[in-house]
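# Architecture at a glance
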Amino acid sequence: MKKEIFLAILAIGFVFNSCKNDDSEEDNTETIVGIWKPIKEIAISGSNGNTISTQNASTCYKKSTFDFKSNNTLASTIFDDQLDGSCKSYGTENLPYSYDFNGKKLIIDNEQFEVISHTKNELQFVANYEDENNDGIEDKIIIVLNK
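Residues numbered from 1 in each chain as written. Predicted model: local features only at pLDDT ≥ 70, side-chain atom pairs only at ≥ 80, totals over all residues. Heavy atoms only, no water.

Going by what an unreviewed UniProt entry lists, the protein is known as Lipocalin-like domain-containing protein and is assigned to Chryseobacterium indoltheticum.

This is how it looks when you write it as C-alpha cells:
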C-alpha cells in the first residue's frame, strides 16, 4: 500500500513539473537568447503595407548564425554568396546588444532595429529601409530568423 501511495505522489509530481515546464517555454518569448539562423527576407511597401516580395535565404546565407548570449553580446557569423558562385565566411563579430520585448526594439552596437514579430522560434525585425518598388517611398526590409 505504501508503495502505491509513493508511486501516486511521484506521478503527480511529474504532471505538475510537465505543466511548469510548458509555462516556462511560453515565457521564453521575452528573450532572444540563443542561436538564430536566417530563413528569408520580406519587403513591405511603405505606401500601403502590402508585401512586395519574399525571398528565401540562399543556401550559403543560411549558414550564418546570430548567437544572442545572456551577457548581452551578439556573436554574429556571416556567410554570403560571391559573384563566382562560392560561399564566403566573413568570420565572427562580437557586438553588444540590448532587447526591449515590450517596446519591440533590438539595439545592436548602438543601432536600433524595429522588431515586427517575436515568438519562441521566430524573430522578424526591420534590417533596412529602401525603395524596393521604385515608388519614391522607403519600404521595410524585414529579416526573418529561426531558432
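## Quick look at the overall build of the protein
The secondary structure content of the protein amounts to one helix and nine strands. Listed by position from the N terminus, the elements making up the protein come as α-β-β-β-β-β-β-β-β-β. Sorting the 147 residues of the protein into buried and exposed places 27% on the buried side. Sequence-distant contacts in the protein: of pairs separated by 6 or more residues, those separated by 24 or more amount to 42%. Approximately 9600 Å² of the protein is accessible, and the part contributed by carbon and sulfur atoms is 50%. (Helix = DSSP H or I, 4+ residues; strand = E, 2+ residues; numbered from the N terminus. Buried < 20%, exposed > 50% of the residue type's maximum accessible area, 1.4 Å probe, protein only. Contact = heavy atoms within 4.5 Å. Areas by Shrake-Rupley, 256 points an atom, 1.4 Å probe, with all protein chains shown as cover.)

## As for the layout of surface pockets
Approximately 310 Å³ is the volume found for the largest pocket. Lining the largest pocket are 14 residues, with Phe66, Leu74, Ser76, Ile108 and Phe113 positioned closest to its centre. Only β3 (65-68), β4 (73-81), β7 (111-118), β8 (122-130) and β9 (139-146) provide two or more residues apiece to the lining of the largest pocket. Tallied by class, residues from the lining of the largest pocket come to 12 nonpolar, one polar and one charged. (1 Å grid on protein atoms, 1.4 Å probe; cavity = no way out; pocket = protein on both sides within 12 Å on 5 of 7 lines; lining within 4 Å. Points joined across faces, edges and corners; volume = space filled by probe spheres on them. Nonpolar A, V, L, I, M, F, W, Y, C, P; charged D, E, K, R; others polar.)

## Details of the packing of aromatic side chains
For any two aromatic rings, the description comes down to two numbers: the centre-to-centre distance and the angle of the planes. Scanning the entire structure with this criterion turns up three aromatic pairs. Centre to centre, the rings of phenylalanine 113 and phenylalanine 125 are 5.7 Å apart; their planes meet at 75°, and the pair counts as edge-to-face. Taken together, the positions of phenylalanine 113 in strand β7 and phenylalanine 125 in strand β8 put the pair 12 residues apart, joining distant regions of the chain. Just as phenylalanine 113 is buried, phenylalanine 125 falls in that class too. (Phe/Tyr/Trp six-rings, centres within 6.5 Å; stacked < 30°, edge-to-face > 60°.)

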